[in-house]
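# Observations on the three-dimensional arrangement
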Amino acid sequence: MDLHGVREIVRPRSVEALPAWQPGDVMLGGGTYLFSEPQPAARRLIDLAALGLSPARREPAGLRIAATCRLAELASLEVASPAMSLFAPAVHCLWGSFKVHNVATVGGNLCLALPAGPMSALMVALDGLLCLRGPGGALRDLPARDFIVDFLTTRLHPGEMLESILVPNAALARQGVLRQASLTRYGRSAALLIGTIGDGGFSLTITAASKRPLRLDFGTLPSAEQVRHAAADALSPDILHDDIHGAPAWKRDRAIALAGEIAEALRT
Amino acid sequence: MISIVLNGRAVTAPATPGQCLRTFLRAQGCNGVKRGCDAGDCGACTVLVDGAAVQSCVMPAFRAEGHAVTTIEGLAEGGELCPLQQQFIDSGAFQCGYCTPGMILTIAGFDAVQAADPARALKSNICRCTGYAPIADALDGIARCDDRVGIGASTPPPAACGVVSGTVRYAMDAPPDGLLHARLRRSPHASARILHIDRAAALAIDGVRLILTHEDVPHFPYSTGRHENFRDDPEDTLIFDPLIRFAGQRVAAVIADTAAIAEAACAALDITYEVLPALLDPTAVQDEGAPQLHAHAPRNVAARVQGQVGPHATIDEVLAGAAHVVDRTYTTQRLHHASLETHAGIAWLERDAAGEDSLVIRSSTQVPFLTRDTLARMLQMPRERIRVFCDRVGGGFGGKQELIVEDIIALATLRLGRPVALEYTREEAFTGASTRHPMQIRVRMGADAQGRLLGLAMDVLAETGAYGNHAPGVLHHGCNESMIVYNCPSKFVDGVSVYANTPPSGAFRGYGLSQTIFAVESAMDELAIASGIDPWRLREINMIRPGDPMISHHDTPHDVTFGSYGLDQCLVLARDALDRAQTPELGDGDWHLGDGMAIALIDTAPPRGHYAHAAVTLREDGGVDLDVGTAEFGNGSVTTHVQLVATTLGIEPTRIRVRHGDTEAVAHDTGAYGSAGIVIAGLACHRAALALKAEMEAFAADHQLGTDPGAIAARAASRGRTLSGSGYSDGSPRSVAFNVQAFRVAVNRDSGEWRIVASIQAADAGVVLNPMQCRGQIEGGVAQAIGGALMEEVRIDGAGRIANPSFRSYHVPRMADLPRTEVLFADTYDTTGPLGAKSMSESPFNPVAPALANAIARAAGVRPRSLPMRADRIWAAIREQSGEMSR
């Protein structure tokens, strides 16, 4: 929809050209969320696409994915390591279709911090390390698992920008399994879980059913029963997300069941 | 300024910084880029950017700078439809057509991944009309139309080319120059009194032209609900009312140079409310001491229906002597129509040769004539000075049998002398229009040992919300055909529709019957289980048959007859099809199968007066002009009208030019509601064609001509004569149509998830004038009803506000959510309808929810008695029952 309050677009050609932060500034990723609701406070959009960041590139430490990498680009990356086979399935867990994938960005999905955001699940599951750029240009790293603290709430400071996410080599080498539950086929996630196994054991990431991503780590692959118990313990009443996309008790039940399924799937 | 290559042409035009691409493209004249949700959920605005499909409402316009954009207008090359556009016509893959350009462009943007799973790829595309089956057929290259002409031919709609190429006009397309925009300020409170409106800050905004509040408009009590007799609905509504009765009620309108300015000025109005206690619980509004919402309605009763027939004084007496008894209460929820075109209209003035101004309104309405008549009374203008018309309406489903935007734009245009538009946002379509009436329905029934019904009683509590639009009609209709369908010596109805401080309910496909039939048909299934009688057999034992009296709860004479009867055929057709249905492999998990069925009867037209005029004129070129008042919103009425006229006159359908949905077209038309398109307006068209045929035959005989219309037309023209015929239908007598729905579902008892394994609907539509059109109505009705049965629910929060006013939070079925429905037709010839036809537009909706509930009850082992039957609720019910059992 038209954002009537917006007065100006800034299109910085490099991170150095990012404007000084001011009230009313909003970072524009793909815009698929931003333009879907009235934004009465927005006065100036900072167009991150103008930065021209490379969507994804190999570094010695791992795969660096730009915040501005579009979901369609992420899904179509060549699967060069086992965990990359999770990329396309995770993208398809987005509520929006391929038309949204063509525009929406990895960073935008993370920063929105919706419980059902599939990039949250993916980056937490793959030990993503977020590179954040402060308004003065200062950089800091933050593990993806610490980024989202509550429903629609992240650790981003005012004016801070998510620039990229590093998926470390160790995580890329892991085997992963993704499971989703929804009230409707291809619908909004009511529970979205990713399990990975590799050096360091088994990890389980629970999202959508909870207000923020939950990450459970196990030294070795436990039994499905043990995983279900751990998921049940983690999904305490206060962490369950209550919205129209499923009753909290049902979401919890589904998440627990999917946790067991993932453990089974990784055993074989 | 931004520069793009638009459909192969370089375009440079201004765009505001926050503008989305959709608005920019429409400003360039690309009216095929539709606004459906404005939030990236429905896909109506889909375009291709450098060949990639995007939803242009969530794409910033400036991002298109330097790129190639293709809209529906650019898809046809050299004026020839592209193959996909032609396939949409051949498959009948649209009804209202509002979603069609976006649907076609989405498919045009498929790559191999999307083509392999089109249902997933189309999850951000909503078609509310078709149920997607013909769209899937279009993808598969399966045609539904045929080259035959006449009755029984699957002729495409006359507007087909315009729909698939984006050139047909909806309310907001091709606006006049100098257009001003209205926006509405709404109350956040469910119950309040407006103490003061300070408009200084709003008036100070540059570009504000007019502010309308209750201080500025006539005090004119009316109802937004429209019927032939305007007193059928309580006149309890004011244009602006200082008393607020629901959260979302309009408080003021601002008219400004742009929608942005109008919106800013709306926000700048400083309104002081005295907040009052709100009545949100419909079960408490009749309590002693409850505040009264309307002076005319003690105990907040908007409408009541009571009656009984039979030898017994009470249902309890009957049940005491019954072998099998059911006594259960069923609950239905609020539903949103979700027509993809929101309520919208544009008003302007036209000056005639004598220098007198007429008010012209193009709006998205099912009832142009009734809207005109109400405006005439409201504005104290002669009817002749007001024209209301609609070219094509982007979906109705009952939601546009209301006067929602036309009063504001009419008042503003008359004050300002300039064109004024008001287009509802999707959120307003939820919060500021109407929903289906929520109902609580207690059904008591008793049968003897053989399963013969002895008594049937229905107690209904309907919630009309803040205003009574359609409250009496929906309640009466709901308590009528649902009771008539069964023979039973004793029948009792006690129904009430109550006011509450909740958003107004209104007309919705089925008009009360979808709720009550859910209750009665669920109860019949419970009776089948209690008595051990097969549910199909139980219907056969009790259902009405020709010669039986049609009695709901009173024996007042009526004009409904068995024009034809096909319920018996429908039962056999549906049952045999269900027996034949293949059950796929269900895979791992605790899946259980269940079959369910339900039946529905509907009168073929509304009671209490429904009229239509039609006129046909032989043109000089041998073609025919058809004028008919009824609106076309995808129902296909106009398609059948053309067929009726073409068949009667023996000319090609393409030789008929239609003017419809226009108060200038004919003397009167009550409107496109109550499934009246074929049986009333169609009858008028048929009669008009017969009259013209007689004229032509007489003229031909006088002039020694043959039967060739071209020759007759040429001779008539040379003699200065115009041959024409007119037709009229008063909508009486009426007949009955039938629908039988059968489902096989699988329910996973661990998760509560369901899958529809088989869906069959058998319908008695009399003679099927156009199989493609009629099948489309049934597939679409079943699809919409599956949404209402399984997924959809408008929720009201603790403050009385609608909690989920978007397609993101209100799940309208997508292609992936729906099964294929096998559609079967009974073979009957109706003696009241045109050439044997009956209505078939609301009724396919009505048996769906109970048939699903009955199937789920068997598959899940627990019976859902409230809608929607979401997986999480089925799961909770299974849990609750197993918990009870383990205790």
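About the thresholds
- Every chain's residues receive numbers from 1 upward, in the order its sequence appears when written.
- Note on labels: chains are lettered from A, ligands numbered from 1, in written order.
- In view of the model being predicted, local features appear only for residues whose pLDDT reaches at least 70, and side-chain atom pairs are presented and counted only at 80 or more, with totals across whole chains, interfaces and linings using the full set of residues.
- Hydrogens and water molecules were not included; the side-chain quantities draw on all heavy atoms of the structure.
- Here a strand is any run of E in DSSP of at least two residues, a helix any run of H or I of at least four, and the numbering for each starts at the N terminus.
- Restricting the calculation to C-alpha atoms gives the radius of gyration, and the globule rule supplies 2.2 Å times the number of residues raised to the power 0.38.
- When accessible area is computed with a 1.4 Å probe and restricted to protein chains, residues below 20% of their type maximum are described as buried, those above 50% as exposed, and intermediate ones as partly exposed.
- By definition in these notes, contact holds between two residues if any of their heavy atoms fall within 4.5 Å.
- Here, Shrake-Rupley sampling with a 1.4 Å probe gives the accessible areas, and only protein chains in the shown set may cover a residue.
- Throughout the structure description, domain borders are defined by an automatic or database domain assignment.
- As used here, buried area is the combined drop in accessible area, with a 1.4 Å probe, of two parts when they are placed together.
- Any carboxyl oxygen of Asp or Glu that lies within 4 Å of a side-chain nitrogen of Lys or Arg is treated as forming a salt bridge with it.
- Strand pairing is assigned whenever DSSP detects at least two bridges linking the two strands.
- In this description, a line fitted to the C-alpha atoms serves as the axis of each element, helices being fitted only across the stretch in contact, and the angle between N-to-C directions of two axes falls anywhere from 0 to 180 degrees.
- N or O atoms within 3.5 Å of each other form a polar contact, as long as, within protein, one can give a hydrogen and the other can take it, and as long as residues adjacent in sequence are counted only when both atoms are side-chain atoms.
- Disulfides are defined as pairs of cysteine sulfur atoms found within 2.5 Å of each other.
- The labels follow the angle: roughly parallel below 35 degrees, roughly antiparallel above 145, roughly perpendicular from 65 to 115, and oblique for the rest.
- Note on residue classes: Ala, Val, Leu, Ile, Met, Phe, Trp, Tyr, Cys and Pro are nonpolar, Asp, Glu, Lys and Arg are charged, and everything else, Gly too, is polar.
- A helix's residues, less one, multiplied by 1.5 Å, set its expected span.
- Fitting axes to the seven residues ending at a residue and to the seven starting there, one defines the bend at that residue as the angle between these axes.
- Only rings of Phe, Tyr and Trp enter the pairing, Trp through its six-membered ring, and a pair is recorded when the two centres are within 6.5 Å. The plane angle decides the type: under 30 degrees is stacked, over 60 is edge-to-face, the rest tilted.
- UniProt positions are given in the numbering used here, feature names are shortened, and annotations may be inferred rather than shown by experiment.
- The term nonpolar core refers to a set of buried residues drawn from Ala, Val, Leu, Ile, Met, Phe, Trp, Tyr and Cys, joined through side-chain atoms within 4.5 Å.
- Confidence of the predictor at the level of single residues is captured by pLDDT, which takes values from 0 to 100.
- Should the near helix be turned anticlockwise from the far one by less than a right angle, the crossing is termed left-handed; should it be turned clockwise, right-handed.

### Quick word on the overall build of chain A
Assigned secondary structure in chain A consists of eight helices and 14 strands. For 268 residues, the compact-globule estimate of 2.2 N^0.38 gives 18 Å, and chain A sits close to it at 18 Å. With respect to the three principal axes, the spread of C-alpha positions in chain A is 55 × 45 × 30 Å. The buried share of chain A, taken over its 268 residues, is 57%. Intrachain contacts of chain A at a sequence separation of at least 6 include 61% that bridge at least 24 residues. Only carbon and sulfur atoms are counted for the fraction: they give 53% of the accessible area of chain A, which is about 10200 Å².

### Notes on the domain arrangement of chain A
Residues and elements named next belong to chain A. Under the domain assignment, chain A is made up of domain 1 (8–46), domain 2 (56–170) and domain 3 (173–267). Taken over C-alpha atoms, the centre of domain 2 sits 19 Å from the centre of domain 3. Across the boundary between the two partners, domain 2 contributes 25 residues, which contact 23 residues of domain 3. Between domain 2 and domain 3, roughly 2200 Å² of surface is buried when both sides are summed, and carbon and sulfur atoms account for 64% of that area. Across the contact surface, domain 2 and domain 3 share two salt bridges.

### A word on the sheet that holds strand β25 (residues 724–729) of chain B
All names here are of chain B. Taken in spatial order, the four strands make up an open sheet running β24-β23-β22-β25, and their pairing is mixed. Of all the strands in the sheet, just β24 (656–660) and β25 have a single pairing partner and so form its edges. The mean inter-strand angle of the sheet, taken between neighbouring strand axes irrespective of direction, is 15°. Pairing between strand β22 (residues 612–618) and strand β23 (residues 624–628): five bridges, direction antiparallel. Pairing of Val616 across the sheet is with Leu626, part of β23.

### Section: the environment of Val54 of chain B
Residue and element names in this part refer to chain B. Tracing the sequence through the fold places Val54 in strand β4 (residues 52–55). Here Val54 falls in the buried class, since its relative accessible area comes to 4%. In sequence terms Val54 and Gly102 are 48 residues apart; their C-alpha atoms lie 9.6 Å from each other.

### What to know about the side chain of Asn804 of chain B
With respect to the helices, strands and loops of the structure, Asn804 of chain B is situated in the loop between α22 (771–790) and β28 (821–825). Polar side-chain contacts of Asn804 of chain B include one of 2.7 Å to the backbone oxygen of Glu793 of chain B. Those residues within four positions of Asn804 of chain B in sequence are excluded, and the remaining contacts are Ile244 of chain A together with Phe430, Glu793, Val794, Arg795, Ser809 and Tyr810 of chain B.

### Section: the state of the cysteines
Summed over the entire model, instances satisfying the criterion amount to zero disulfides over all chains. No disulfide involves Cys45 of chain B; its sulfur sits 3.7 Å from that of Cys57 of chain B, the nearest cysteine.

### Let's talk about the packing of helix α17 (residues 535–542) of chain B against helix α18 (residues 567–580) of chain B
Residue and element names in this part refer to chain B. Two numbers describe how α17 lies on α18: the axes approach to 12 Å, and their chain directions differ by 175°. One element, α17, and the other, α18, form an angle in the roughly antiparallel class. Along its contact with α17, which presents Trp536, Arg539 and Glu540, the element α18 presents Leu571, Ala574, Arg575 and Leu578. Tallied by class, the residues present in the contact of α17 with α18 amount to four nonpolar, no polar and three charged.

### A word on the domain arrangement of chain B
Partitioning chain B into domains gives domain 1 (2–164), domain 2 (180–277 + 341–394 + 400–431), domain 3 (299–329 + 441–546), domain 4 (567–597 + 733–768 + 781–887) and domain 5 (612–729). Computed over C-alpha atoms, the centres of domain 3 of chain B and domain 5 of chain B are 43 Å apart.

### Focus: the interface of chain B and chain A
At the junction of the two partners, chain B supplies 54 residues and chain A supplies 43 residues. Both sides together, the interface formed by chain B and chain A hides about 4000 Å², and carbon and sulfur atoms give 58% of it. Considering only the surface of chain B that becomes buried against chain A, Arg63, Lys123 and Arg808 of chain B emerge as the three largest contributors, covering 17% of it. Summed over the shared surface of chain B and chain A, the number is two salt bridges. Between Asp253 of chain A and Arg879 of chain B there is a salt bridge, with its nearest N and O atoms 3.0 Å apart. Our count for the chain B to chain A interface comes out at 24 residue pairs in polar contact (both at pLDDT 80 or more). Listing elements by their share of the side of chain B that touches chain A, those giving two or more residues are β4, α5 (118–121), α9 (259–268) and α24 (871–886) of chain B. Looking at the side of chain B that touches chain A, its residues break down into 21 nonpolar, 16 polar and 17 charged.

### Topic: helix α20 (residues 676–702) of chain B
For an α-helix, 3.6 residues make a turn, and residues three or four places apart therefore share a direction. Residues and elements named next belong to chain B. Compared with the 39 Å implied by 1.5 Å per residue over 27 residues, the 38 Å span of α20 between its first and last C-alpha is a close match. At Gly682, α20 shows its largest kink, close to 35°. Once α20 finishes, Gln704 follows within two positions and takes phi at roughly 50°, a positive value.

### A few points about the environment of Glu317 of chain B
Residue and element names in this part refer to chain B. Relative to the helices and strands, Glu317 resides in helix α10 (residues 315–320). Looking at Glu317, the relative accessible area reads 41%, which means it is partly exposed. Separated by 138 residues in the primary sequence, Glu317 and Gly455 place their C-alpha atoms 9.2 Å from one another. Within the structure, the side chain of Glu317 is placed 3.1 Å from the side chain of His312, a separation counted as a polar contact.

### Regarding the packing of aromatic side chains
All names here are of chain B. All told, the structure shown has 13 aromatic pairs over all chains when counted by the stated rule. Their ring planes at 80° and their centres at 6.2 Å tell us that Phe246 and Tyr467 sit as a pair that is edge-to-face. Within this pair, whereas Phe246 is found in the loop between β9 (243–244) and β10 (250–256), its partner Tyr467 is found in the loop between β19 (453–465) and α14 (471–478), the two being separated by 221 residues in sequence. Relative accessible area serves as the criterion here: at 5%, Tyr467 is assigned to the buried category. Ring geometry for Tyr330 versus Phe518: centroids 6.0 Å apart, planes at 80°, classification edge-to-face. Highlighted residues: Tyr330 in strand β13 (residues 324–332) and Phe518 in helix α16 (residues 513–531), separated in sequence by 188 residues.

### Quick look at the UniProt feature "domain: FAD-binding PCMH-type" (unreviewed entry) in chain A
The feature "domain: FAD-binding PCMH-type" (unreviewed entry), as given by UniProt, occupies residues 1–172 of chain A in the numbering adopted here. With 20% helix and 25% strand, the stretch residues 1–172 of chain A has end C-alpha atoms that lie 38 Å from each other.

### Brief notes about the nonpolar core
Of all hydrophobic cores here, the largest spans 162 residues; its most connected members are Phe88, Ile786, Leu790 and Leu852 of chain B. Look past the residues within four positions of Ile786 of chain B in its chain and what remains in contact with it is Phe743, Ile756, Met791, Leu818, Pro819, Val848 and Leu852 of chain B. Core analysis: the second largest hydrophobic core is formed by 42 residues, Leu63, Met84, Leu86 and Phe147 of chain A among them.

### Observations regarding the sheet that holds strand β3 (residues 44–47) of chain A
All names here are of chain A. Taken in spatial order, the three strands of this open sheet run β1-β3-β2, and their pairing is parallel. Both outer strands of the open sheet, β1 (8–10) and β2 (25–28), are each paired with one neighbouring strand and no more. Strand after strand, the sheet turns through a mean of 25° between neighbouring axes, direction not considered.

### Some remarks on helix α6 (residues 133–140) of chain B
Residue and element names in this part refer to chain B. With six of eight residues buried, α6 is to be regarded as a mostly interior element. Those residues of α6 that fall on the buried side of the exposure criterion are Ala133, Pro134, Ile135, Ala136, Asp137 and Ala138. Where α6 is buried, its residues meet α2 (83–90), α3 (100–108) and α22. Immediately beyond the C-terminal end of α6, within one or two residues, lies Gly141, with a positive phi of roughly 75°.

### What to know about the confidence of the model for chain B
Here chain B averages 96 in pLDDT, while 100% of its residues score no lower than 70. Predicted complex metrics record ipTM = 0.97 and pTM = 0.97.

### What about the pairing of β19 of chain B?
All names here are of chain B. Across the 13 residues of β19, 11 count as buried, placing the element largely inside the fold. Relative to β19, strand β18 (residues 439–447) runs antiparallel, the two being bridged by nine bridges. Across the sheet, the residue bridging to Val443 is Met458, located in β19. Counting the residues between successive antiparallel strands, the hairpin from β18 to β19 contains five residues, one of them, Gly451, with a positive phi of roughly 90°. Bridge analysis of β19 against strand β20 (residues 490–499) gives 10 bridges, and the strand direction is parallel. Note that in β20 the partner of Asp459 across the bridge is Asp494.

### Quick word on the packing of helix α19 (residues 637–649) of chain B against α20 of chain B
Residue and element names in this part refer to chain B. Between α19 and α20, the least distance of the axes is 9 Å, while the angle of their chain directions is 25°. By the angle between their axes, α19 is roughly parallel relative to α20. The crossing of α19 and α20 is right-handed. Contacts from Ser637, Thr640, His641, Leu644, Val645, Thr648 and Leu649 in α19 reach Gly677, Ile678, Ala681, Gly682, Cys685, His686, Ala689, Leu690, Leu692, Lys693 and Met696 in α20. By residue class, the composition of the contact of α19 with α20 is 10 nonpolar, seven polar and one charged.

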